[in-house]
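Structural characterization, general
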Amino acid sequence: MISLALGRFSGLTRSGSALFMFVVMLPMALSACRHQISEHHLQGATLGTGYHITLYADLSDAALLALETGIQGELEDLQRQRELYVRALDAAFARVGMSAPTILLGELDHMVHALAVDRMVEWLDAREDLAALVEVGGVMRAAAAPPNGGWRLSLERAGLPKLSEERYLYLHDAALVHRFTELEASPLMSLPTPLGVSVVAETASEAMRQANRMMLAEPGDALAYAARTDRAARLVVKTPQGIVIHQTAALEPWFEG
């Protein structure tokens, strides 16, 4: 960007040619100050689900194609790794005459989706001056922020109650992971039961690890852990009296636009 100091110009009022050159050059300078940033979308199928990437960057068609080719290479590498993990699990359970449990394969996919998001963000971040939001299977991570501020994301889910006034996260340079228990798998019980947890952390893999830990713990223990370790988290809990939504203090700053 060309900086123009609109203050005192020595000799400007005494020189018609200098004034003429200033008038001529001003539109050119202002034009150079404009950011040539465009919004781009990349999407496709991978790892048994879909991916979507939103980019804000000054990219030519050739540069965008190069980015997309590189991303596809990263995803194909992860797909091969996932297939190796699945074969290893199948072989381990085949020894006892069983198939790998579907729930275990699902957890593997959650882990791989988070890893894919991290790999793509790191790949993008190392190559271009851009802002990006990467999503794979519902796992999201933001690199920098779009021109109008952070990436505006909701924590709500269909079928779960909402707060009286819906609020939005403004994510930047961090990841957001949601984990939910199927409602039909969580009938009303005498003990509090976690229905869902949302976690913001530096990476998708770390957010997934924290979310899994809180979903597997008793709600009281999960909240105590989140408070003790200063986690940015939201926990939805079913109780005999109804459904309660807890948010940690560390999550609050992410609601600011």
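Within each chain, residue numbers correspond to sequence positions counted from 1 in written order. With pLDDT at 70 or above as the cut-off, local features in this predicted model cover only qualifying residues; side-chain atom pairs require 80 or more to be listed or tallied, and sums for whole chains, interfaces and linings still use all residues. To obtain the side-chain values, all non-hydrogen atoms of the structure were used and water was disregarded.

**Some words on the environment of Arg213**
Each helix corresponds to a stretch of at least 4 residues labelled H or I by DSSP, and each strand to a stretch of at least 2 residues labelled E; elements are numbered beginning at the N terminus. Within the fold, Arg213 resides in helix α4 (residues 204-216). With 12 residues separating them in the primary sequence, Arg213 and Tyr225 have C-alpha atoms 9.4 Å apart. Between two residues, a contact is recorded if the distance between any of their heavy atoms is within 4.5 Å. Setting aside residues no more than four positions away along its own chain, Arg213 makes contact with Tyr225 and Arg228.

**With respect to the packing of aromatic side chains**
Aromatic rings from Phe, Tyr and Trp, with only the six-membered ring used for Trp, were paired whenever their centres fell within 6.5 Å, and each pair was classed as stacked if the ring planes differed by under 30 degrees, edge-to-face if by over 60, and tilted otherwise. Scanning all chains against the criterion turns up 1 aromatic pair. A centroid spacing of 5.7 Å and a plane angle of 45 degrees characterise the contact between Tyr56 and Trp151, whose relative ring orientation is tilted. Of this pair, Tyr56 sits in strand β2 (residues 49-57) while Trp151 is found in strand β5 (residues 151-154), placing the two residues 95 residues apart along the sequence. We call a charge positioned over a ring when the NZ of a Lys or the CZ of an Arg lies within 6 Å of the ring centre and within 35 degrees of the ring normal. The cationic tip of Arg152 hangs over the ring face of Tyr168; the distance from NZ or CZ to the ring centre is 3.6 Å. A cation sits over an aromatic face here: Arg167 above Phe255, 4.2 Å from the ring centre.

**As for unusual backbone geometry**
Phi at Ala144 takes a positive value of approximately 65 degrees, unusual for a residue other than glycine. Relative to the helices and strands, Ala144 is located in the loop between β4 (139-143) and β5. Here Asp230, not a glycine, exhibits a phi torsion of approximately 60 degrees, which is positive. Within the fold, Asp230 resides in the loop between α5 (219-228) and β9 (232-239). Since its relative accessible area comes to 59%, Asp230 is described here as exposed. Buried, partly exposed and exposed residues are distinguished by accessible area as a fraction of the type maximum, computed with a 1.4 Å probe on protein chains only: under 20%, between the cut-offs, and over 50%, respectively.

**A word on the pattern of salt bridges**
Any Lys or Arg side-chain nitrogen located within 4 Å of an Asp or Glu carboxyl oxygen qualifies as a salt bridge. Counting across every chain of the model gives 11 salt bridges. In this structure, Arg234 and Glu156 form a salt bridge, with 3.4 Å as the shortest nitrogen-oxygen distance. Of the two residues, Arg234 sits in strand β9 while Glu156 sits in the loop between β5 and β6 (168-171), which places them 78 residues apart along the sequence. Accessibility expressed as a relative area gives 18% for Glu156, which makes it buried. The salt bridge partner of Glu252 is Arg167, with a shortest N-O separation of 2.6 Å. Remark: Arg167 occurs in the loop between β5 and β6 and Glu252 occurs in the segment after β10 (242-247); sequence separation between them is 85 residues. The network of salt bridges with common partners includes Glu74, Asp77, Arg80 and Arg119.

**A short note on helix α2 (residues 61-94)**
For a helix, the expected span equals 1.5 Å multiplied by the residue count minus one. Compared with an ideal rise of 1.5 Å per residue, which puts 34 residues at 50 Å, α2 spans 49 Å between its outermost C-alpha atoms and is within 8% of the ideal. What α2 keeps buried is the set Leu64, Leu67, Gly70, Ile71, Glu74, Leu75, Leu78, Arg82 and Val86. Lining the buried residues of α2 we find β1 (38-46), β2 and α3 (102-125).

**Examining the nonpolar core**
Generally speaking, a soluble globular protein has its nonpolar side chains buried in company with each other. Side-chain atoms within 4.5 Å are what join buried Ala, Val, Leu, Ile, Met, Phe, Trp, Tyr and Cys residues into a set we call a nonpolar core. Core analysis: the largest hydrophobic core is formed by 45 residues, its most contacted members being Ile53, Leu55, Ile71, Leu124 and Met214. With 9 residues, the top contributor of residues to this core is α3. Ignoring sequence-local partners within four residues, the contact set of Ile53 consists of His40, His41, Leu42, Ile71, Met120, Leu124, Leu133 and Val134. By size, the runner-up hydrophobic cluster in this structure holds 18 residues, among which are Tyr56, Ala142, Leu251 and Phe255.

**Side note on the environment of Tyr170**
Its location among the elements puts Tyr170 in strand β6. Its relative accessible area of 23% is what places Tyr170 among the partly exposed residues. As a C-alpha pair, Tyr170 and Ala142 span 28 residues in sequence and 9.9 Å in three-dimensional space.

**Some details on the packing of α2 against α3**
A fitted line through C-alpha atoms represents every axis, and for helices the fit uses only the stretch in contact; the resulting angles, taken between N-to-C directions, go from 0 to 180 degrees. The N-to-C vectors of α2 and α3 enclose an angle of 155 degrees; their axes lie 10 Å apart at closest approach. It follows that α2 is roughly antiparallel to α3 by the angle criterion. Note on packing geometry: the crossing formed by α2 with α3 is right-handed. Of the residues that constitute the contact of α2 with α3, the class distribution is 19 nonpolar, 2 polar and 5 charged. Throughout this description, any angle smaller than 35 degrees is read as roughly parallel, any larger than 145 degrees as roughly antiparallel, any in the 65 to 115 degree range as roughly perpendicular, and the remainder as oblique. For any helix crossing, the convention is left-handed if the near helix is rotated counterclockwise from the far helix by under a right angle, and right-handed if that rotation is clockwise. Throughout, the ten residues Ala, Val, Leu, Ile, Met, Phe, Trp, Tyr, Cys and Pro are labelled nonpolar, Asp, Glu, Lys and Arg are labelled charged, and all others, Gly among them, are labelled polar.

**Structural notes on the pairing of strand β3 (residues 131-136)**
Counted residue by residue, β3 has 5 buried out of 6 residues, so it is predominantly covered. In this analysis, strands are considered paired if DSSP registers two or more bridges between them. Summarising the sheet, β2 and β3 pair through 6 bridges and their orientation is antiparallel. Bridging from a neighbouring strand, Tyr56 pairs with Ala131 of β3. For β3 and β4, the ladder comprises 5 bridges, and the chain directions are antiparallel. Within the sheet, the bridge partner assigned to Glu135 lies in β4 and is Met140.

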